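Residues per chain, in single letters:
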Amino acid sequence: MLKEDLDQNNIPKHVAVIMDGNGRWAEKHGKQRLEGHAQGAKAARQAVETAHKLGIQYITLYAFSMENWNRPESEVSGLMSLLTSSIACQFKDLIENNVRLLTIGDNTLLPENVRQEIEAVVKESEKNTGLTVIIALSYSGRYEIVQATKNLLKKYAEKPFDISQIDEKTFAENLYTAQIPDPELLIRTSGEFRISNFLLWQISYSELYFTEKLWPDFSEEDFINAVYDYQHRERRFGKTSRQINEKK
Ligand code: IPE
Ligand code: IPE
Ligand code: MG
């Protein structure tokens with residue numbers, strides 16, 4: 001598929017990606033796992049460029065889960081330095097291209113230098129109005145929901161309010177993603193069919209796309225194929241197919 005094969009009137013606003021398979025890519029090529037991650041960082045950069053080209057407005061990249069802290073120390077520290085170096089060098093020209101960076105996850109667990117590097121780029125790009133790149137870092141969907149509940153309880157303790165005011169909308173305003181629309185499309189690479197604690201609340205009605213491709217091999221064409229597939233789904237939101245087609 002090519003960009004021209006896509007329906008320009010049905011480009012998802014927000015695409016979320018579980019970038020999985022760096023380790024297996026490395027193994028396949030007889031390399032160290034960290035080389036797989038370095039290659040994965042290049043694929044992430046390319047995915048950002050493709051998102052920009054296709055007119056997607058938000059892309060969320062799952063870079064490091066809360067559970068990933070349990071990996072061997074050497075892999076974790078290697079990933080942390082890769083993160084700082086790639087954010088520092090990749091975002092210079094992305095910022096010039098009007099890209100805005102946001103992160104979601106528990107920043108307090110990150111090493112100080114990583115946090116500072118990221119915060120600087122987030123600040124520097126905050127006024128940009130082009131593509132928003134959201135990096136999920138030290139992220140857990142369940143943790144995010146628990147934090148949102150705590151936020152609400154804290155607000156209640158400071159100034160009690162009518163509990164019946166809490167609905168899906170007000171709850172979602174307390175998530176990391178308060179200002180971000182839900183993803184229409186979620187892509188996971190490497191042939192694993194699971195969510196791994198990613199955006200549990202936000203993907204309730206996302207279209208899921210799984211591919212066998214390992215993340216470092218995920219190309220522009222693969223991205224376009226995923227969007228093409230998405231455009232040929234029928235999103236019913238609980239209604240019948242007939243109801244959806246009558247509206248057209
Ligand atoms: C995804 O690749 C990157 C991170 C989780 C940081 P993996 O490192 O999980 O690769 P596999 O699953 O071992 O192949
Ligand atoms: C999910 O990948 C997290 C990221 C892609 C950053 P994992 O490789 O950690 O997922 P599981 O543990 O195999 O489900
Ligand atoms: Mg994995």
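Not measured: the values here are computed from a predicted model. (Residues numbered from 1 in each chain as written. Chains lettered and ligands numbered in written order. Predicted model: local features only at pLDDT ≥ 70, side-chain atom pairs only at ≥ 80, totals over all residues. Heavy atoms only, no water.)

Caption draft 1: Looking closely at the nonpolar core. Membership of the largest hydrophobic core comes to 43 residues, with the highest contact counts inside it found for Ile-59, Phe-91, Val-133, Ile-187 and Phe-223. For this core, the secondary structure elements donating two or more residues are β1 (14–18), α2 (33–54), β2 (58–65), α3 (73–96), α4 (112–124), β4 (132–139), β5 (185–188) and α7 (220–231). Sequence-distant contacts of Phe-91, that is, excluding residues within four places in its chain, are made with Ser-86, Val-99, Leu-101, Val-121 and Val-133. Counting residues in each nonpolar core, the second largest holds 13 residues, with Ala-16, Tyr-58, Ile-104 and Ile-180 among its members. (Core = buried A, V, L, I, M, F, W, Y, C linked by side-chain atoms within 4.5 Å. Buried < 20%, exposed > 50% of the residue type's maximum accessible area, 1.4 Å probe, protein only. Helix = DSSP H or I, 4+ residues; strand = E, 2+ residues; numbered from the N terminus. Contact = heavy atoms within 4.5 Å.)

Caption draft 2: How the structure looks around the site of ligand 2. Taken together, Ile-18, Met-19, Asp-20, Tyr-62, Ala-63, Phe-64, Asn-68, Arg-71, Arg-188, Arg-194 and Ser-196 are the residues near ligand 2. A distance of 2.9 Å separates an oxygen atom of ligand 2 from a polar side-chain atom of Asn-68. Side-chain polar atom of Arg-71 to an oxygen atom of ligand 2: 3.3 Å apart, as the coordinates give it. Here ligand 2 loses 77% of its free accessible area of 380 Å² to cover by the protein chains. The dominant element in the shell around ligand 2, judged by the number of residues it contributes, is β2, at three residues. (Near = heavy atom within 4 Å. Polar contact = N/O pair within 3.5 Å; in protein donor to acceptor, adjacent residues only side chain to side chain. Areas by Shrake-Rupley, 256 points an atom, 1.4 Å probe, with all protein chains shown as cover.)

Caption draft 3: Spotlight on the sheet that holds β4. Read from one edge to the other, the open sheet built from six strands follows the order β3-β4-β2-β1-β5-β6, with strand pairing classed as parallel. The open sheet has two edge strands with one neighbour each: β3 (100–104) and β6 (207–210). On average, adjacent strands in this sheet sit at an angle of 20° to one another, irrespective of strand direction. For β1 and β5, the ladder comprises four bridges, and the chain directions are parallel. Looking across to β5, one finds that Val-17 is bridged to Ile-187. On the sheet, α4 packs against β3 and β4 and is oriented at approximately 135° with respect to β3. Across the sheet, α7 touches β1, β2, β5 and β6, and the angle it forms with β5 is around 135°. (Pairing = 2+ DSSP bridges. Axes fitted to C-alpha atoms, helices over the stretch in contact; angles between N-to-C directions.)

Caption draft 4: Inspection of the packing of aromatic side chains at higher detail. For the structure on display, the rule yields eleven aromatic pairs. On the basis of an interplanar angle of 85° and a centroid distance of 5.9 Å, the ring pair of Tyr-62 and Tyr-139 is categorised as edge-to-face. One end of the pair, Tyr-62, is in strand β2; the other, Tyr-139, is in strand β4, and 77 residues separate them in sequence. Measuring from centroid to centroid gives 5.2 Å for Phe-193 and Phe-210, while their planes differ by 65°, and the two rings are edge-to-face. Note that Phe-193 is positioned in the loop between β5 and β6 and Phe-210 in strand β6, a separation of 17 residues in sequence. Residue Phe-193 is classed as exposed on the basis of its relative accessible area, which comes to 60%. On the basis of relative accessibility, which here comes to 29%, the residue Phe-210 falls in the partly exposed class. Here the aromatic residues Tyr-62, Tyr-139, Tyr-176 and Phe-198 are joined through ring pairs into a cluster of three or more. (Phe/Tyr/Trp six-rings, centres within 6.5 Å; stacked < 30°, edge-to-face > 60°.)

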